[in-house]
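Coordinates in review
Now for the letters of each chain:
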Amino acid sequence: AYLYFHESVAAVAAKTPEVRKAARELSVALPGQPAVALVIGYDARKGEGTAGRSDTLMLVRADPSTDSISLLSFPRDMRVEIRCPGRTPFFDKINAAYATCGPQGSLNTVRNLTGLPINYLITVNFRGFRQIVDRLGGAWIDVDRRYFNDRGGPSGYARINLGPGYQRLSGKRALDYVRYRHTDSDLYRVAR
């Protein structure tokens, strides 16, 4: 599990200057010990003038001694102390760390919040999410109920018409499913 996790993370390692700079602050993963990756799912839109929003912040822990992988997802509206390099810490929603300070702000904030050493940093945008799911041949999901929205477009949410039941979703449909937030809260979105 450890080797698979290590190789998978290396294959999707980001090449942007901001992520490379943040990666210099990562802890070294020791052989045979658990490894922790911070996954930042971000949404950067043209013309907004910011790094984007990290609506998904998740820790993934691979433990070779138990052959297990654990996930911890942070609700985007959770208020925490934001830690940006060169700035005084301030309190805001956890997704403000990325919007204000980029990947390094998210890394510092999550590390300060949890006290855990973080060994890997993975950033994924919408396009990357769709590509990963499609490369895996889709994602099998047991959809619990109907998810519907027919008001999409630039100012609206994604259109979706997904019925209940166990089914394979393409990258686009899986992204629409996990982003859905019309009739429930962010906690339900985190669970999806």
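Each remark here, short or long, concerns the structure printed above.
Residues numbered from 1 in each chain as written. Predicted model: local features only at pLDDT ≥ 70, side-chain atom pairs only at ≥ 80, totals over all residues. Heavy atoms only, no water.

Structural notes on the nonpolar core
- Counting residues in each nonpolar core, the largest one holds 21 residues, and the members touching the most others are Leu38, Ile40, Leu57, Leu59, Val110, Ile118 and Leu121.
- Mapped by element, the contributors of at least two residues to this core are α2 (17-23), β1 (35-43), β2 (53-63), β4 (79-82) and α3 (96-114).
- Ranked by the residues each element gives to this core, the list is headed by α3, at five residues.
- Once residues within four sequence positions are removed from consideration, Leu38 is found in contact with Leu57, Met58, Leu59, Ser106, Leu107, Val110, Ile118, Tyr120, Leu121 and Ile122.
- Counting 12 residues, the second-largest nonpolar core is a separate cluster that includes Val133, Leu169, Tyr177 and Val178. (Core = buried A, V, L, I, M, F, W, Y, C linked by side-chain atoms within 4.5 Å. Buried < 20%, exposed > 50% of the residue type's maximum accessible area, 1.4 Å probe, protein only. Helix = DSSP H or I, 4+ residues; strand = E, 2+ residues; numbered from the N terminus. Contact = heavy atoms within 4.5 Å.)

Focus on the state of the cysteines
- Throughout the structure, instances matching the rule amount to one disulfide.
- What pairs with Cys84 in a disulfide is Cys101, and their sulfur atoms sit 1.5 Å apart. Residues Cys84 and Cys101 are joined through a disulfide that is right-handed, its torsion about the S-S bond being 75°. Of the two residues, Cys84 sits in the loop between β4 and β5 (90-93) while Cys101 sits in helix α3, which places them 17 residues apart along the sequence. Of the two residues, Cys84 and Cys101, neither departs from the other in class, the shared state being buried. (Disulfide = S-S within 2.5 Å.)

A word on the environment of Tyr180
- Mapped onto the secondary structure, Tyr180 falls in the loop between α5 (171-179) and α6 (186-191).
- Overall, Tyr180 belongs to the buried group, its relative accessible area being 4%.
- On a C-alpha basis, the gap between Tyr180 and Tyr147 in space is 7.7 Å, while along the polypeptide they are 33 residues apart.
- Residues in contact with Tyr180, not counting those within four places in the same chain, are Arg145, Tyr147, Phe148, Ile160, Arg189 and Arg192.

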